[in-house]
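Observations on chain architecture
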Amino acid sequence: MLLVVSLPACSPPSDGGEAAPADKSVAEARSLLYQRGSQLHRLNLDTGADRVVTTLPSAEVHASPTSSWLALVGSPEGVDFATRPRLSLLQPDSGRRLPLGPGLAPLWRPDGNAVAYLRPVEERRCEVESCSGRVAVVIASLSGAIQTVMGPGHWTLLSWAGSDLLLGNLEDSRRVTMVGPQGPPQKLSVPPAKLWGASPDGRWVVVARRRGAEYVALGPEGELGRRRTLVTGGRLAEGAWSP
């Protein structure tokens, strides 16, 4: 497995705000953090210096888009589709670790200071490459605050839209659920299977259509607004939003 992501070196936030640079000279250096086997390396893009930061456990690795934190998913079984997945956050340069307990499918917020994940609430049943079982939707910040935003259900994490979280529900194939830091959940009239993603600022979603895809404006209450054609006569593959 190879993980490649450009990360600044920084210290964790003490008050839930923006992470502060640990050292100005280090923070200004452009670097690439990547995984080779079980070792995590940091490559200085200015000097070419490459060093081993730490050795990771056998785990899924999900890098924060803007901070130097990683979300790690492991299990006592040591397998990919585990009945007892465990989630933790790691800042590799300092070695600081935040164990979050049972959890899977971490999804970093665009600002990199919080991660959403699924917490199993009942015994998971796994066969070959699929698992089933109800989960709660939880958001953990780097300050240590943990908030359950949706109770037990058959949820999937689709995308962040700014500070709002877009969810799929296996019991509702016609609408996406949007939940924010405050207020009740909202329903979007978009099938989860058609949602390609949301912009980091939360203003747009991309929706797949039968013969193409389009941008759709997203309002604060989950209302869908004006539309712009993105692709005609084709299909969207993997991609990423500009920050």
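See the structure printed just above.
If you're wondering where the values come from, they're calculated on a predicted model, not measured in any experiment.

**Here we look at the pairing of strand β24 (residues 224-232)**
Note that strand β23 (residues 212-218) and β24 share 6 bridges and pair antiparallel. Along β24, the bridge assignment pairs Ala-213 with Val-231. In sequence, β23 turns back onto β24 through a hairpin of 5 residues, with Gly-222 there showing a positive phi of about 85°.

**Description of the sheet that holds strand β8 (residues 70-74)**
Reading across the sheet, the 4 strands line up as β7-β8-β9-β10 and stay open at both edges, with antiparallel pairing between neighbours. Two strands bound the open sheet, and with one partner strand each, they are β7 (60-63) and β10 (96-102). Averaged over all adjacent pairs, the angle separating strand axes in this sheet is 20°, with direction ignored.

**Thoughts on unusual backbone geometry**
Residue Ala-105 is not a glycine yet carries a positive backbone phi of 55°. For Ala-105, the location among the structural elements is in strand β11 (residues 104-108). Here Ala-105 falls in the partly exposed class, since its relative accessible area comes to 33%.

**Some words on the packing of aromatic side chains**
In the structure shown here, the tally under the stated rule is 3 aromatic pairs. When the ring of Trp-204 is compared with that of Tyr-215, the centres are 6.1 Å apart and the planes differ by 75°; the resulting orientation is edge-to-face. Placement of Trp-204 in strand β22 (residues 204-209) and of Tyr-215 in strand β23 is noted, with a sequence separation of 11 residues between them. You can call Trp-204 buried: its relative accessible area is 12%. Through successive ring pairs, a cluster of aromatic residues spans Trp-196, Trp-204, Tyr-215 and Trp-241.

**Some remarks on the sheet that holds strand β20 (residues 186-188)**
Ordered in space as β17-β18-β19-β20, the 4 strands form an open sheet in which the pairing is antiparallel. Of all the strands in the sheet, the pair left with one neighbour each is β17 (155-161) and β20. Direction aside, the axes of adjacent strands within the sheet are offset by 30° on average. As judged from the 6 bridges shared by β17 and strand β18 (residues 164-169), these two strands associate in the antiparallel manner. Paired with Leu-157 across the bridge in β18 is Leu-167.

**Re the state of the cysteines**
On inspection of all chains with the given rule, the structure shows 1 disulfide. Each sulfur in the disulfide pair Cys-126 and Cys-131 lies 2.1 Å from the other. Disulfide Cys-126-Cys-131: torsion about the S-S bond near 110°, hence right-handed. Classification of Cys-126 by relative accessible area gives partly exposed; the value is 24%.

**Digging into the side chain of Asn-169**
The residue Asn-169 is located in strand β18 in this model. For Asn-169, a relative accessible area of 15% corresponds to the buried category. Polar contacts involving the side chain of Asn-169 include one to the main-chain amide nitrogen of Glu-171, which spans 2.9 Å. Ignoring anything within four residues of it in the chain, the contact list for Asn-169 reads His-154 and Trp-155.

Thresholds applied
Residues numbered from 1 in each chain as written. Predicted model: local features only at pLDDT ≥ 70, side-chain atom pairs only at ≥ 80, totals over all residues. Heavy atoms only, no water. Pairing = 2+ DSSP bridges. Helix = DSSP H or I, 4+ residues; strand = E, 2+ residues; numbered from the N terminus. Axes fitted to C-alpha atoms, helices over the stretch in contact; angles between N-to-C directions. Buried < 20%, exposed > 50% of the residue type's maximum accessible area, 1.4 Å probe, protein only. Phe/Tyr/Trp six-rings, centres within 6.5 Å; stacked < 30°, edge-to-face > 60°. Disulfide = S-S within 2.5 Å. Polar contact = N/O pair within 3.5 Å; in protein donor to acceptor, adjacent residues only side chain to side chain. Contact = heavy atoms within 4.5 Å.

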